[in-house]
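Here is what each chain is made of, one letter per residue.
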Amino acid sequence: AMQTRTESITARDGLTFDGHLVLPESGRGPGLLVVQEIFGVNAYIREVCERVAALGYVAMAPDVFWRIERNVELGGDEAALQQAFTYMTKFDWQTGISDLTAALDRFSD
């Protein structure tokens, strides 16, 4: 069976954030980052991780918005869309890309 857990990722500045990790049945495999949409690491993104792991990959969806608010998980209704755009306007792309690189480095540990 596939294993699911929350990984702690250390960013370049030493702060930590979460990554939703799903291991394939073999328990190991090549790593693949699943980058969230503007709604955060929600049920849909977790399902994508499971589908990727079913193909034999170690799938991780890092919490991209953690510097604004940790573990954002929005639905797809109009209010959620407005909230998601608020996160996007506050999102720092340069730092965000650095955080994604740190998440990818977590695979090579």
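Notes on the structure follow. Quick caveat: nothing in here was measured; it's all calculated off a predicted structure.

**Here's the deal with the sheet that holds strand β4 (residues 58–62)**
And then number 1: Ordered by their spatial adjacency, 4 strands build an open sheet running β1-β2-β4-β3, and the pairing between neighbours is mixed. Looking at the sheet topology across the chains shown, the edges are occupied by β1 (3–10) and β3 (31–33). Strand-to-strand twist across the sheet, computed as the mean angle between neighbouring axes with direction ignored, equals 30°.
And then number 2: Sheet topology places β3 next to β4; 3 bridges connect them, and they run parallel.

**Points about the pairing of β1**
And then number 1: Pairing of β1 with strand β2 (residues 16–23), which is carried by 8 bridges, proceeds in the antiparallel orientation. When the bridges of β2 are listed, Gln 3 appears paired with Leu 23.
And then number 2: Following β1, the chain reverses through 5 residues before pairing antiparallel with β2; Gly 14 in that reversal takes a positive phi of roughly 90°.

**Things to note about the environment of Gly 31**
And then number 1: Note on placement: Gly 31 falls in strand β3.
And then number 2: With 75 residues separating them along the chain, Gly 31 and Arg 106 place their C-alpha atoms 9.4 Å apart.
And then number 3: With residues near it in sequence (within four places) discarded, Gly 31 still touches Val 58 and Phe 107.

Conventions and cut-offs
Residues numbered from 1 in each chain as written. Predicted model: local features only at pLDDT ≥ 70, side-chain atom pairs only at ≥ 80, totals over all residues. Heavy atoms only, no water. Pairing = 2+ DSSP bridges. Helix = DSSP H or I, 4+ residues; strand = E, 2+ residues; numbered from the N terminus. Axes fitted to C-alpha atoms, helices over the stretch in contact; angles between N-to-C directions. Contact = heavy atoms within 4.5 Å.

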